[in-house]
Amino acid sequence: MGSVLVFGLLWVVISLLGEWGATTWINSAPDGTGPYFGTASNLGVIGAHAFDFLVWVAVPIFVFVVLMIIFAMIKFRAKRGEKVIDAPKQTRNNKVFVGSWILISILVNLLVWLHPNASGLEQVFAAQLPANNPNPLVVDVTARQWEWIFSYPQYNITQSLNANGQDTLYLPVDRPVKFVLRSYDPFHTYDTAIDVIHGFWIPAFGVKYDVIPGETRVIYITATKLISTEQNPMARVQCSEVCGPGHPYMEANLHVVTGLAFAKWAKQQASRS
Amino acid sequence: MAQPLPKGQMASMPKRIAPWPPVLRAFLWAGIGFVVLAAIAAWLDPSPNSPYLTAVGSVAGWFGALIGWLLGIGGYDYIVRPMMGYPTPRVRTSGWRRYYEYALDHKVIGLQYLGASTGTFLVAGLIAMAMRFQLMNYQPTLFHYPEDYLNAVGIHGTLMMFTVATVAMVGGLGNYFVPLMIGTRETMFPKASGISVWLVPIGVLTISMSPLLGQWSTGWRGYEPLAASDGSGLLYYYLGVFALTTSSLIVAINLTATILFKRTKGMTWNRLPLFAWGILTVSLLNIIWLPEIQATFILGMLDKVMPLNLFNVFGQPLGYEYLFWLFGHPEVYIVVIPALAIWNEILPVMGRKSLFARPIAVLGLVFVMLLSGMVWAHHMFTMMRFSEMLPFSFFTEMISIPTGFAYLAAIGTLWNSRLRITTPTLLVLMSMFNFLIGGLTGLFLADVPANLQLHNTFFVVGHFHYTIIGGMVFSWMAAMYYWLPKFSGRTYSEFWGKLGAIWVFIAFNATFLNFFILGLHGMNRWVSAYPKYLQPENFWTSIAAFFLGAGFGINIIHIVWAWIKGPKVKENPWDAKTLEWQTSSPPPAKNFDVLPEVVGSFYTYGDNVPDPVVIPSVQEQTPGL
Ligand code: HEM
Ligand SMILES: [Cu+2]
Ligand SMILES: [Cu+2]
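Residues numbered from 1 in each chain as written. Chains lettered and ligands numbered in written order. Predicted model: local features only at pLDDT ≥ 70, side-chain atom pairs only at ≥ 80, totals over all residues. Heavy atoms only, no water.

Some remarks on the overall build of chain A
Consideration 1: Across its full length, chain A holds four helices and nine strands.
Consideration 2: Tracing chain A from N to C terminus, the helices and strands come up as α-α-α-β-β-β-β-β-β-β-β-β-α.
Consideration 3: The C-alpha atoms of chain A give 26 Å as radius of gyration, which overshoots the globular expectation for 273 residues (19 Å, by more than 25%).
Consideration 4: Dimensions along the principal axes, computed over C-alpha positions, put chain A at roughly 85 × 40 × 35 Å.
Consideration 5: Taken across its 273 residues, chain A has 53% of its residues classed as buried.
Consideration 6: Across chain A, the fraction of contacts at a sequence separation of at least 24, relative to all contacts at a separation of at least 6, is 71%.
Consideration 7: Of the roughly 12,600 Å² of accessible surface on chain A, 66% is carried by carbon and sulfur atoms.
Consideration 8: Charged side chains of chain A number 19 positive and 18 negative; the gap between the two group centres comes to 12 Å. (Helix = DSSP H or I, 4+ residues; strand = E, 2+ residues; numbered from the N terminus. Rg over C-alpha atoms; globule rule 2.2 N^0.38 Å. Buried < 20%, exposed > 50% of the residue type's maximum accessible area, 1.4 Å probe, protein only. Contact = heavy atoms within 4.5 Å. Areas by Shrake-Rupley, 256 points an atom, 1.4 Å probe, with all protein chains shown as cover. Lys, Arg positive; Asp, Glu negative; His and termini not counted. Charge placed at Lys NZ, Arg CZ, Asp CG, Glu CD.)

Laid out in C-alpha cells, this is it:
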C-alpha cells in the first residue's frame with residue numbers, strides 16, 4: 001500500500017508540474033500559438049485548440065507510464081548479485097486496477113473523440129457552409145506538375161504573378177476566401193492524362209486539402225493575420241502530397257494584406273493580365 | 001551445434017546432388033529464366049522504343065528469374081525431382097553452409113529470415129543515413145535530382161516495412177521460437193517454409209535494383225495516379241513486394257497451422273505463451289490482409305503495363321489509396337503486435353513475478369487484430385468526404401484501448417516485482433517509453449482538425465518511426481539479447497549490452513523528437529530540398545541520426561561477437577519457465593529428446609508454485625510423436 005501512495009502522490013505532483021509546463025509552452029509564443037504555429041486562419045485556430053487540449057490530456061498519461069517505468073527500476077529492482085528469488089507478492093490480478101484502467105481508457109478515448117475532435121469538426125463543417133461565408137473572394141487554385149496557378153475570376157485575373165513572373169497568392173485579411181481546388185485550368189494547356197494528386201497546404205494557416213485529378217473541391221478559409229512569406233516562411237503555399245520529382249519545389253509565395261491593399265493589388269494584376 | 005549423423009547412417013542416405021553452392025546455381029538459373037522469358041515477351045510483344053527489354057518483358061523476365069531462383073536454390077532437388085519419383089536428397093544439418101541452402105529445420109529457417117532481415121536493415125539504414133545527409137542542407141548535396149532522393153525514400157520505406165518490420169519478429173523469431181515454445185519438433189509445412197525464406201533475397205534485390213528500370217518517386221505507398229505516369233521501376237516495386245509478402249504469407253499459414261495443430265500435451269489455449277499468441281494474431285492478420293495488398297499490387301502493375309485504366313486518371317485514383325491503406329493500417333499492427341507480446345514475455349521472467357492479468361493481455365492482442373481493419377482511412381483525412389471523418393476518427397481512437405492492454409499487463413507485472421535490470425529488461429522498458437510517445441502523438445494525428453495540419457509533415461514521419469523503431473526495433477533487440485543464450489549457448493557482455501541500449505535510446509529520441517518539431521515548423525515529407533529556415537533544426541537532427549546509425553552498428557557487432565565468441569552460459573540463464581528453455585542451448589536438431597508436457601502456467605511465480613513442465617520418461621511417449 002505504501003508504494004501505491006508514494007506513486008500516486010508523485011504522479012499527481014509531477015502531472016501538475018507537467019501541466020504547468022505544457023501550459024507555459026502553449027502560451028510561449030507571443031501570439032499564443034505555442035508549439036502549433038499554424039494559426040493564421042480560422043481553421044488553423046480550431047486545430048491549434050485541439051492540439052493544446054490534447055497536450056493537456058497527454059501529460060498525465062505520459063507521466064503515469066514513464067513514472068511507472070522509473071519507479072519500477074528504482075523501487076522494485078533486484079539488488080545486484082542477489083540470489084534470484086521470486087517476488088514476494090504475486091498479484092496476478094486486481095479487479096479495481098484493471099476495471100478502472102479499462103473504464104478510464106474508454107472514457108478518455110470517447111472524450112477526445114467528442115472533444116476536441118467532433119466539436120472541432122463541427123466548427124470546421126460550419127466554416128464550410130456558404131451561408132457562413134458571405135461575400136467570399138473566389139480563388140481558383142490549379143495544381144499541376146509542378147506549379148500552383150491562382151486566378152481570381154471576380155477580378156479578371158487569370159494568373160496572378162509577382163514581378164519575377166512567379167505565381168503568388170494574395171489574400172485580404174478577415175474576408176472569407178473560397179478556394180476552388182482543381183487540377184485543370186482552361187487558360188493553360190496541360191496533359192490531363194498524366195495528372196496526379198497534389199496537396200494544397202499553407203503551413204501558417206494550419207490546414208491542407210488535397211487536389212484530386214478530375215475533381216473540383218471547394219474549401220473556405222479566412223485568413224486572420226497579416227503575414228507574408230518574406231516575413232514568415234511558414235506563410236507559403238506548399239504541395240504536401242508527393243507528386244513526382246518537382247514536388248519539393250512546388251511552392252508559391254503568400255501575402256495576406258489588408259482589404260485596401262488587396263484591392264489595389266487586384267487592380268494592378270488585372271491590368272497586367 | 002546439432003550433432004552430425006553417425007557415419008553408418010550417413011552412407012545409407014542418398015548423396016546430395018547439388019554440384020555447386022545452391023545460391024550460385026540459383027543466381028545462374030535466375031539469370032537464364034530472366035533472359036528466356038524476357039526474350040519470349042520481346043518476341044511476342046515487340047516495342048519499337050526498347051528492342052531488348054520491354055515493360056512486359058521485364059515483368060515476364062522477373063517471373064522467369066523467380067522460378068529459376070527457387071528451383072536453383074532447392075526447389076528442383078527437393079520438390080520437383082521427388083515428385084517425379086526420384087529419392088529426396090538429404091538436407092544438410094550441420095555447418096555454416098546449411099544457412100545458404102534449402103532447409104527444413106525451423107531453426108535454420110528462422111535464422112535465415114533473421115539474417116535476411118538484419119542485412120536489409122543495414123542496407124535500408126544506410127539509405128536512411130544518405131537521406132539524412134542530404135537533409136543537412138536546404139539545398140541538394142548528395143542527391144542532385146529530387147527523383148534520386150525520392151527513390152531512396154521509397155526503397156528505404158519499402159525494404160524496412162516488408163523485409164524488416166514484418167519479417168524479423170515473425171519469419172525470424174517466430175519460425176525459430178514458436179515450435180520450441182509450444183513443444184513440437186517441426187512446423188506444419190516445413191517444405192513450403194524452406195522455400196518461402198528464399199523469396200526474401202529475391203524480393204530485396206528486386207526492390208533495390210528497381211531504379212535501373214526507371215526511377216520512381218511515389219515512396220513506399222505507390223500512390224496513384226502518380227504511379228501510372230511514374231518510372232517503370234515501379235514494376236519491380238510491385239513485384240519485389242509481391243515476393244516478400246508471399247514469403248510472409250507462407251510463414252503466416254505455416255505458423256498458424258503449427259500453433260493450431262502441433263501443441264504438445266497440456267499446451268492449452270490458456271497456457272499458450274504470449275509470444276505464440278502474438279504470432280498467431282499477427283499471422284491471422286497476415287492471412288487476411290496480405291492477399292488483399294497482393295491483389296492490389298497486381299492490379300496496379302497490370303494497370304501500368306496494359307494499361308487497364310483502373311487507377312490512373314481515367315479510372316479511380318483514390319480507389320488505390322483506399323485499397324492500399326485497407327492493408328496498410330493492419331500492417332502497422334502486424335509490425336507491433338509481436339513487440340507487445342515480447343514485452344510481456346520478458347517482464348515476468350526478469351521480474352520473477354506472475355504475468356498480470358494475462359487474459360487481458362491476450363485479449364488486447366486479439367482486439368487490436370479485430371479492429372485494425374476498421375481504421376484505414378485515417379491516412380486519408382485530407383482526401384475524403386467530410387461525412388467519413390467522424391467514423392474513421394472514432395475507430396482510430398478506439399483501437400488505442402486494446403493496445404493499452406499491453407501496458408496494463410506490463411505495468412501490473414512490474415509492480416512489486418524483483419526486477420533484474422538486464423539489457424533485455426532495459427530495452428523492453430525503453431520500448432514501452434518510445435511506443436508511448438508513438439501512441440500519444442497518434443492521439444494528435446487522429447484528431448481531424450489537427451490532422452489537416454500535421455498530415456504529410458515530418459510530424460507523421462516522427463510518429464511512425466516512434467512506433468516502428470521505438471516499438472518494434474527496440475523489442476526486437478530486447479528479444480535478441482534475451483534469447484541469445486538460446487541461439488548459441490553463449491551470452492553477451494552486460495556492459496556493452498547496456499551501453500548499446502542507452503546509446504540507441506538517446507540517439508533515437510534525439511533524432512525523432514526533432515521530427516515532431518520539424519513537422520510543426522512546416523517541414524513536409526518527400527522533399528530533397530526545403531526552405532532555408534528549417535536548416536539548423538535539420539542539421540542537428542541529422543547529426544543525431546548518424547549517432548543512431550552508429551548505435552545500431554554497435555549493437556549488431558556486439559550480438560554477433562557474443563553469438564560466436566561470447567562467454568558460455570548455463571542452459572537456462574534467466575530461469576525462465578517457457579518450453580524453449582527446457583532443452584539444450586542451442587537446441588538439438590529435433591528440439592526435444594522427449595516432448596515435454598505442460599501441467600501449469602508458464603507465467604505463475606511465487607513460493608510453492610509447481611513446475612509447469614514435466615518431462616515424461618521415454619517409455620511413456622507414444623512412438624509416433
Ligand atoms: C535508422 C534510423 C532511421 C532514420 C534516420 C530514418 C529516416 C527516415 C527519413 C528521413 C525518412 C523520409 C521521410 C520523408 O521525407 O517522407 C524516412 C521514411 C520512412 N522510414 Fe525511416 N528511418 C530510419 C529507420 C527506419 C526503420 C527501422 C523503419 C521501419 C522498420 C523505417 C521506415 C520508414 C518508412 C516506412 C518511411 C516512409 C517512406 C515513404 O514515405 O515512402 N525507417 N525514414
Ligand atoms: Cu507535390
Ligand atoms: Cu494507419
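Focus on the site of ligand 1
Residues and elements named next belong to chain B.
Consideration 1: Close contacts around ligand 1 come from 25 residues, with H156, W220, H465, R525 and W526 the closest.
Consideration 2: Within the contact set of ligand 1, an oxygen atom lies 2.5 Å away from a backbone nitrogen or oxygen of W220.
Consideration 3: In the environment of ligand 1, an oxygen atom lies 2.7 Å from a nitrogen or oxygen atom belonging to the side chain of R525.
Consideration 4: Elements with a minimum of two residues in the shell around ligand 1: α4 (106-134), α5 (146-165), α18 (458-488) and α20 (535-565).
Consideration 5: Sort the elements by how many residues they give to the shell around ligand 1 and α5 lands first, with seven residues. (Near = heavy atom within 4 Å. Polar contact = N/O pair within 3.5 Å; in protein donor to acceptor, adjacent residues only side chain to side chain.)

Considering the domain arrangement of chain A
For interface size, the figure often reported is the accessible area lost on association.
Residues and elements named next belong to chain A.
Consideration 1: You can read the domains of chain A as domain 1 (2-76 + 97-127) and domain 2 (135-272).
Consideration 2: Computed over C-alpha atoms only, the centres of domain 1 and domain 2 are separated by 35 Å.
Consideration 3: Between domain 1 and domain 2, a total of about 900 Å² is buried, with carbon and sulfur atoms accounting for 53% of that surface.
Consideration 4: Linking domain 1 to domain 2 there are zero salt bridges.
Consideration 5: Applying the counting rule to domain 1 against domain 2 returns eight residue pairs in polar contact (both at pLDDT 80 or more).
Consideration 6: Examining the composition of the side of domain 1 that touches domain 2, we find that three residues originate from one element, helix α2 (residues 42-75), more than from any other. (Domains from an automatic or database assignment. Buried area = accessible area lost by both parts, 1.4 Å probe. Salt bridge = Lys/Arg side-chain N within 4 Å of Asp/Glu carboxyl O.)

Digging into the interface of chain B and chain A
Consideration 1: At the junction of the two partners, chain B supplies 88 residues and chain A supplies 91 residues.
Consideration 2: Taken over both partners, the interface formed by chain B and chain A buries close to 7,800 Å², and the fraction arising from carbon and sulfur atoms is 71%.
Consideration 3: Of all residues in chain B, B:W415, B:R418 and B:Q453 give up the largest surface area on contact with chain A, accounting jointly for 10% of the area buried on that side.
Consideration 4: Taken together, the links from chain B to chain A amount to two salt bridges.
Consideration 5: Notably, a salt bridge pairs A:E241 with B:R221, separated by 2.7 Å at the nearest N-O pair.
Consideration 6: Where chain B touches chain A, the interface holds 31 residue pairs in polar contact (both at pLDDT 80 or more).
Consideration 7: Of all the elements in the fold, those that place two or more residues in the side of chain B that touches chain A are α5, α9 (226-229), α12 (317-351), α14 (389-398), α15 (400-414), α16 (423-445) and α17 (448-454) of chain B.
Consideration 8: The greatest single-element share of the side of chain B that touches chain A, amounting to nine residues, is contributed by α16(B).
Consideration 9: Classifying every residue of the side of chain B that touches chain A gives 54 nonpolar, 22 polar and 12 charged. (Nonpolar A, V, L, I, M, F, W, Y, C, P; charged D, E, K, R; others polar.)

So, the coordination of the copper ion (ligand 3)
Residue and element names in this part refer to chain B.
Consideration 1: Coordination of the copper ion (ligand 3) by the protein involves H329 (ND1), H378 (NE2) and H379 (NE2), with metal-donor separations of 1.5 to 2.2 Å.
Consideration 2: All donors of the copper ion (ligand 3) come from a single chain, and their spacing in sequence reads H-x48-H-H. One end of the pair, H329, is in helix α12; the other, H379, is in the loop between α13 (358-371) and α14, and 50 residues separate them in sequence. We note that H329, like H379, is buried. (Donors = N, O, S within 2.8 Å, 3.2 Å for Na, K, Ca; no water.)

Comments concerning the packing of α5(B) against α18(B)
Residues and elements named next belong to chain B.
Consideration 1: Between α5 and α18, the least distance of the axes is 12 Å, while the angle of their chain directions is 35°. For the crossing formed where α5 meets α18, the hand is left-handed. For the pair formed by α5 and α18, the contact residues are H156, M161, V164 and A165 on the first element and H465, I468, M472 and W476 on the second.
Consideration 2: Looking at the contact of α5 with α18 residue by residue, the classes come out as six nonpolar, two polar and no charged. (Axes fitted to C-alpha atoms, helices over the stretch in contact; angles between N-to-C directions. Left-handed = near helix turned anticlockwise from the far one by under 90°.)

Quick look at the packing of α4(B) against helix α6 (residues 168-182) of chain B
All names here are of chain B.
Consideration 1: The N-to-C vectors of α4 and α6 enclose an angle of 160°; their axes lie 7 Å apart at closest approach. Between α4 and α6, the angle falls in the class roughly antiparallel. Note that α4 runs across α6; the crossing there is left-handed. In contact with H106, K107, I109, G110, L111, Y113, L114 and S117 of α4, α6 contributes A168, G171, G172, L173, N175, Y176, P179 and L180. (Parallel < 35°, antiparallel > 145°, perpendicular 65-115°, else oblique.)

Observations concerning the coordination of the copper ion (ligand 2)
Residues and elements named next belong to chain A.
Consideration 1: Taken together, the protein donors to the copper ion (ligand 2) comprise C239 (SG), E241 (O), C243 (SG) and H247 (ND1), at separations of 2.1 to 2.4 Å.
Consideration 2: With four donor atoms in place around the copper ion (ligand 2) and angles of 89 to 125° between them, the coordination shape is tetrahedral.
Consideration 3: Sequence positions of the donors to the copper ion (ligand 2) reduce to the motif C-x1-E-x1-C-x3-H. (Tetrahedral: all angles 85-135°; square planar, octahedral: opposite > 155°, others 65-115°.)

Details of unusual backbone geometry
Consideration 1: A cis amide bond links A:H115 with the next residue in sequence, A:P116, at an omega value of 10°.
Consideration 2: Tracing the sequence through the fold places A:P116 in helix α3 (residues 95-127).
Consideration 3: A cis amide bond links B:M306 to the next residue, B:P307, at an omega of -5°.
Consideration 4: Positionally, B:P307 belongs in the loop between α11 (274-305) and α12.
Consideration 5: The backbone of B:N309 shows a phi angle near 60°, a positive value even though the residue is not glycine.
Consideration 6: Looking at the secondary structure, you find B:N309 in the loop between α11 and α12.

Examining the packing of aromatic side chains
Two numbers describe a pair of aromatic rings. These are the distance of the centres and the angle of the planes.
Residues and elements named next belong to chain B.
Consideration 1: As enumerated under the stated definition, the model contains 73 aromatic pairs over all chains in all.
Consideration 2: Here F162 and F327 contribute two aromatic rings whose centre-to-centre distance is 6.0 Å and whose plane-to-plane angle is 10°, an arrangement assigned as stacked. On the criterion of sequence distance, the pair formed by F162 in helix α5 and F327 in helix α12 is long-range, its members being 165 residues apart.
Consideration 3: Owing to a relative accessible area of 2%, F162 belongs among the buried residues under this scheme.
Consideration 4: Seen in terms of ring centroids, Y238 and F297 are 5.3 Å apart; in terms of plane orientation they differ by 75°. Their pairing is edge-to-face. Taken as a pair, Y238 in helix α10 (residues 233-261) and F297 in helix α11 lie far apart in primary sequence, 59 residues in all. (Phe/Tyr/Trp six-rings, centres within 6.5 Å; stacked < 30°, edge-to-face > 60°.)

Observations regarding the sheet that holds strand β7 (residues 217-222) of chain A
Residues and elements named next belong to chain A.
Consideration 1: Within the open sheet, the four strands sit side by side as β2-β1-β4-β7. Their pairing is mixed. The open sheet has two edge strands with one neighbour each: β2 (147-151) and β7. Going across the sheet, the axis of each strand differs from the next one's by a mean of 25°, ignoring polarity.
Consideration 2: In the sheet, strand β1 (residues 137-144) pairs with β2 via five bridges, with the strands oriented antiparallel. Residue pairing across strands places R144 opposite E147, the latter belonging to β2. (Pairing = 2+ DSSP bridges.)

Quick look at α13(B)
Consideration 1: Over its 14 residues, α13(B) extends 20 Å from the first C-alpha to the last, a length consistent with the 20 Å expected when each residue adds 1.5 Å.
Consideration 2: Along α13(B), the positions that sit buried rather than exposed are B:R358, B:I360, B:A361, B:V362, B:G364, B:L365, B:V368, B:M369 and B:L371. (Expected span 1.5 Å × (residues − 1).)

A closer look at the sheet that holds strand β6 (residues 207-211) of chain A
All names here are of chain A.
Consideration 1: Strand order in this open sheet of five strands is β3-β9-β8-β5-β6, and the pairing throughout is mixed. Of all strands in the sheet, those with a lone pairing partner are β3 (168-172) and β6, marking the two edges. Each strand axis lies, on average, 25° off the axis of its neighbour in the sheet, ignoring direction.
Consideration 2: Note that strand β8 (residues 236-239) and strand β9 (residues 251-257) share three bridges and pair antiparallel. Across the sheet, the residue bridging to V237 is A252, located in β9.
Consideration 3: Along the sheet face, helix α4 (residues 259-272) touches β3 and β9 and points at about 135° away from the line of β3.

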